[in-house]
Amino acid sequence: MPEHLTKDGFKSKVFDWEKSKEWKYAGDLPAIVDFYAQWCGPCKMLSPVLEEVATKYEGKLHVYKVDTDAEPELSGLFDVQSVPTLLFIPMEGQPSVALGALPKKDIERAIGEVLKVE
């Protein structure tokens, strides 16, 4: 199951922007962060897809969710203008951003190409 992150959880598991302005992923596995809102229809359609991905790749990657209404500072940090916005975070290098409710095949392609997870 995807894990819901607050600001503190994000800082400990993904990135602590208050310690460093330079991106440094804090996680132990590649990750997907779903910036969503409770009222967002496409977000609701994406949710079961991310649950499937979290189950299929358990132990290989983390799937996190951030409620943009509850955590506006996190949304601002990544300049999230619309929901859903997915952040694909590899172990090395910069994260990649994808906008909208991607089909499962596109998410799995990003998992392989961006996150380098089989």
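Parameters and conventions
- Residues numbered from 1 in each chain as written.
- Predicted model: local features only at pLDDT ≥ 70, side-chain atom pairs only at ≥ 80, totals over all residues.
- Heavy atoms only, no water.
- Helix = DSSP H or I, 4+ residues; strand = E, 2+ residues; numbered from the N terminus.
- Expected span 1.5 Å × (residues − 1).
- Bend = angle between axes of the 7 residues up to and from the residue.
- Buried < 20%, exposed > 50% of the residue type's maximum accessible area, 1.4 Å probe, protein only.
- Contact = heavy atoms within 4.5 Å.
- Phe/Tyr/Trp six-rings, centres within 6.5 Å; stacked < 30°, edge-to-face > 60°.
- Lys NZ or Arg CZ within 6 Å of the ring centre and 35° of its normal.
- Disulfide = S-S within 2.5 Å.
- Axes fitted to C-alpha atoms, helices over the stretch in contact; angles between N-to-C directions.
- Parallel < 35°, antiparallel > 145°, perpendicular 65-115°, else oblique.
- Left-handed = near helix turned anticlockwise from the far one by under 90°.
- Nonpolar A, V, L, I, M, F, W, Y, C, P; charged D, E, K, R; others polar.

A. Representation of helix α2 (residues 41-56) within the structure. Given a rise of 1.5 Å per residue, 16 residues ought to cover 22 Å, and the 24 Å separating the end C-alpha atoms of α2 matches this to within 8%. The sharpest bend along α2 comes to roughly 25°, located at Ser47, with the proline Pro48 sitting one to four residues further on. Along α2, the positions that sit buried rather than exposed are Cys43, Leu46, Ser47, Val49, Leu50, Val53 and Ala54. Each element contacted by the buried residues of α2 is listed here: β2 (31-36), β3 (62-67), β4 (85-89) and α4 (104-113).

B. Highlighting the packing of aromatic side chains. Under the criterion given, the structure shown has 5 aromatic pairs. Judged by centre distance (5.7 Å) and plane angle (65°), the ring pair of Phe10 and Phe78 falls under edge-to-face. You can see Phe10 sitting in helix α1 (residues 7-13) and its partner Phe78 sitting in the loop between α3 (72-77) and β4, a full 68 residues away along the chain. According to the relative accessible area criterion, Phe10 is buried, its value standing at 0%. Judged by centre distance (4.9 Å) and plane angle (40°), the rings of Phe15 and Trp23 are tilted. Neither residue differs from the other here; Phe15 and Trp23 are each classed as buried. Each member of the aromatic cluster is reached from another via a ring pair, and the members are Phe10, Phe15, Trp17, Trp23, Phe35 and Phe78. Above the face of the Trp17 ring, Lys11 is positioned so that its terminal group lies 6.0 Å from the ring centre. The aromatic ring of Tyr36 is capped on one face by Lys65, whose charged end is 4.6 Å from the ring centroid.

C. Highlighting unusual backbone geometry. Residue Pro84 is reached from Val83 by a cis peptide bond, and omega for that bond is -5°. In this fold, Pro84 is placed in the loop between α3 and β4. For Lys116, which is not a glycine, the phi torsion comes out positive at approximately 60°. Judged by relative accessible area, Lys116 falls into the exposed class, the value being 62%.

D. The arrangement of the state of the cysteines in detail. Enumeration according to the criterion identifies 1 disulfide in this entry. Paired by a disulfide, Cys40 and Cys43 hold their sulfur atoms 2.4 Å apart. With the S-S dihedral at roughly 80°, the linkage between Cys40 and Cys43 falls on the right-handed side.

E. Structural detail: the packing of α2 against α4. Look at α2 against α4: their axes get within 10 Å of each other, and the N-to-C directions meet at 40°. Classed by the angle they form, the pair α2 and α4 counts as oblique. As α2 packs across α4, the resulting crossing turns out to be right-handed. Seen from α2, the contacting residues are Leu46, Val49, Leu50, Glu52, Val53 and Lys56; seen from α4, they are Lys104, Ile107, Glu108 and Ile111. Here the contact of α2 with α4 is built from residues that sort into 6 nonpolar, no polar and 4 charged.

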